[in-house]
Amino acid sequence: MTEYNPNRLVEMAKQKSILDVASSLGMELKREGRNYAWTEHPSFKINPEKNYFSWFSKGNELLGKDVIAMVEVVNQMSFKEALHYLLEAEVGTFDVTKVPKKEPFKYTVKEAKMFDYARNYLKEERGLSDETIDFFLSKGVMAQGIHKDFETGKTEPMIVFKHLDIDGKVVGGARQGIWINKELYPERGRLKKNLYGSGTTGFVVDIGDRSTFKKATVDQPFKVYAFEAPIDMLSYYELHKDTLNNCRLVAMNGLNKGVISRAIVEALAVDSNQVKTIAKEVRLEEWLHKIDDINFKNGRSYGQLKIILAVDNDESKFNPQTGKIETPGKDFFENFGLKDIEVIPHMPKCHAGQKKNDWNDELKYQKGLLKEKESEVTLQSLIAKVQVKSDPVETLGMEL
């Protein structure tokens with residue numbers, strides 16, 4: 001049996017064509033001499049001859065980086081997750097005379113006939129009700145599947161949150177592990193990543209008839225609720241289902257404005273032909289900013305649409321790469337960049353003992369299922385407790 005050699009896997013990943021990988025990530029590139037620029041971020045340059053990239057607007061931290069680092073940055077993954085992505089990706093050598101076309105997504109998940117392991121996980125570990133689970137199953141967006149690890153060959157059950165296009169065709173998806181495996185997934189404990197080739201699609205569920213979305217008015221606007229992950233969406237739905245109407249729920253699998261933009265286009269379009277027509281004029285991921293700019297220049301507002309960012313209430317942390325204190329969910333809202341389309345933050349409030357909160361933890365908290373973590377007794381924590389008792393501070397939580 002060949003001895004496991006992590007360095008060999010890293011070298012294999014580094015040999016992947018950076019242009020092919022960029023294509024698999026859904027990055028639209030524009031040729032500039034011998035290099036290529038990412039149209040969404042023009043300071044992001046790819047050098048195909050040296051197989052590396054540089055993101056000049058990010059400072060010295062992202063200059064001359066390899067293909068693994070690119071997947072980490074673009075997909076917001078850890079090093080190990082990026083390594084797994086590259087070793088699974090079916091990409092090879094590149095043609096420097098042209099940007100490779102993105103390969104069409106292929107749904108190859110081996111679905112199980114039952115949803116037993118998945119249901120038990122969603123109920124016991126995530127606190128979701130059978131009613132909520134059955135609602136999302138009725139939408140045809142969830143399935144129990146089998147994941148095979150490419151290194152060990154071992155299999156495990158997983159939940160697949162399917163990304164459907166306007167015609168109901170599977171065009172991507174997110175994988176959520178059911179079993180705990182700290183060896184394979186030391187950071188999260190469970191499998192959690194997109195299906196290969198998913199691009200900028202999202203996990204979408206509609207509340208109400210899609211045909212009524214474009215009939216929205218200022219008094220009764222069409223609402224889009226955006227979440228960081230599918231389970232946050234399910235949890236939010238269970239907490240607020242009595243007030244959700246005439247809306248689209250979309251999980252971004254991270255923080256991605258392009259996913260929201262694409263979801264809105266497909267919600268308001270008549271059919272797939274109209275989506276293709278729009279895509280010829282402007283990238284679907286950029287449509288939202290385009291329509292906002294047009295309205296702003298013409299002095300109009302787009303009051304028929306509201307975007308609710310139901311993202312995590314994160315703990316502020318120092319990022320050594322940027323040299324800044326970052327609070328991802330809050331920063332995402334503050335930098336969303338729309339002028340005439342209303343964007344509303346809706347983050348769960350932090351409760352006593354919490355430094356951060358997300359919608360699944362909020363669901364478990366309200367059901368009395370959230371396990372309190374034992375905090376480490378340090379001088380800093382004791383000082384923090386005294387401060388809380390003497391001078392309560394309002395949390396970042398914002399209600400609709």
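Residues numbered from 1 in each chain as written. Predicted model: local features only at pLDDT ≥ 70, side-chain atom pairs only at ≥ 80, totals over all residues. Heavy atoms only, no water.

1. Quick look at the overall build of the protein chain
When helices and strands are counted, the protein chain shows 13 helices and 16 strands. In the protein chain, buried positions account for 46% of the 400 residues. Residue pairs at least 24 apart in sequence account for 64% of intrachain contacts in the protein chain once pairs closer than 6 positions are excluded. Surface exposure of the protein chain reaches about 22200 Å², of which carbon and sulfur atoms provide 49%. (Helix = DSSP H or I, 4+ residues; strand = E, 2+ residues; numbered from the N terminus. Buried < 20%, exposed > 50% of the residue type's maximum accessible area, 1.4 Å probe, protein only. Contact = heavy atoms within 4.5 Å. Areas by Shrake-Rupley, 256 points an atom, 1.4 Å probe, with all protein chains shown as cover.)

2. A few points about the confidence of the model for the protein chain
The predicted model of the protein chain has a mean per-residue pLDDT of 85, with 86% of residues at 70 or higher. Scored below 50 in pLDDT, residues 93-99 makes 17 contacts in the model with residues more than four places away or belonging to other chains. Every residue in residues 374-400 is under pLDDT 50, and counting partners more than four places away or in other chains gives 23 contacts. (pLDDT = per-residue confidence, 0-100.)

3. Observations regarding the nonpolar core
Counting 34 residues, the largest nonpolar core has I260, I264, W287, L288, I307, L309 and F336 as its most contacted members. With sequence-adjacent residues up to four places away left out, F336 is seen in contact with K257, I260, L288, H289, I307, L309 and V343. One finds L122, Y236, W359 and L363 within the second-largest nonpolar core, a separate group that totals 32 residues. (Core = buried A, V, L, I, M, F, W, Y, C linked by side-chain atoms within 4.5 Å.)

4. Section: the packing of aromatic side chains
Under the defined criterion, the tally for this structure stands at 14 aromatic pairs. Ring centres of F44 and F53 lie 4.8 Å apart, and the angle between their planes is 10°; this geometry places the pair in the stacked category. Across the pair, F53 and F44 agree in class, each one buried. Here Y117 and W179 contribute two aromatic rings whose centre-to-centre distance is 6.3 Å and whose plane-to-plane angle is 90°, an arrangement assigned as edge-to-face. Separated by 62 residues along the polypeptide, Y117 in helix α5 (residues 116-124) and W179 in the loop between β8 (170-177) and β9 (192-194) bring together distant segments of the chain. Of the residues examined, W179 reaches a relative accessible area of 43% and is grouped as partly exposed. A cation sits over an aromatic face here: K257 above F336, 5.8 Å from the ring centre. In this structure, K339 packs its charged tip against the face of F296, placed 5.2 Å from the ring centre. (Phe/Tyr/Trp six-rings, centres within 6.5 Å; stacked < 30°, edge-to-face > 60°. Lys NZ or Arg CZ within 6 Å of the ring centre and 35° of its normal.)

5. Regarding the side chain of R190
In this structure, R190 sits in the loop between β8 and β9. Under the relative-accessibility criterion, R190 is labelled buried at 17%. Of the polar contacts made by the side chain of R190, one reaches the backbone oxygen of I178; its length is 2.9 Å. (Polar contact = N/O pair within 3.5 Å; in protein donor to acceptor, adjacent residues only side chain to side chain.)

6. Some remarks on the sheet that holds strand β13 (residues 305-309)
The strand order across the open sheet built from five strands is β10-β12-β11-β13-β16, with neighbouring strands paired in mixed fashion. With partners counted over all chains shown, the strands left at the sheet margins are β10 (203-207) and β16 (342-345), one partner each. Here the strands of the sheet are splayed against their neighbours by 20° on average, with no regard to which way each runs. Lying over the sheet, helix α7 (residues 230-240) contacts β10, β11 (222-227) and β12 (247-251), oriented at roughly 20° with respect to β10. (Pairing = 2+ DSSP bridges. Axes fitted to C-alpha atoms, helices over the stretch in contact; angles between N-to-C directions.)

7. Looking at the pairing of strand β6 (residues 142-148)
The element β6 is extensively covered by neighbouring structure, given that five of its seven residues are classed as buried. Strand direction decides the pairing type here: strand β5 (residues 110-111) and β6, joined by two bridges, are antiparallel. Note on β6: the bridge partner recorded for K110 is I146. As paired elements, β6 and strand β7 (residues 155-164) share seven bridges and run antiparallel to each other. Across the sheet, G145 pairs through a bridge with M158, a residue of β7.

8. A few points about helix α6 (residues 130-138)
Within the span of α6, buried status applies to T132, I133 and F136. Buried residues of α6, viewed axially, fall in a sector of 100°; they line one side. In this structure, α6 carries E131 and S138 as exposed residues pointing more than 90 degrees from its buried face. (Arc of directions from axis to C-beta.)

9. Description of the pattern of salt bridges
Applying the stated criterion across every chain yields a total of 21 salt bridges. The salt bridge partner of E111 is K162, with a shortest N-O separation of 2.9 Å. Linking E111 in strand β5 with K162 in strand β7, this pair joins segments that are 51 residues apart in sequence. The class for E111 is partly exposed, based on a relative accessible area of 39%. Among the ionic pairs, D206 bridges to R248, the shortest N-O distance being 2.6 Å. Remark: R248 occurs in strand β12 and D206 occurs in strand β10; sequence separation between them is 42 residues. (Salt bridge = Lys/Arg side-chain N within 4 Å of Asp/Glu carboxyl O.)

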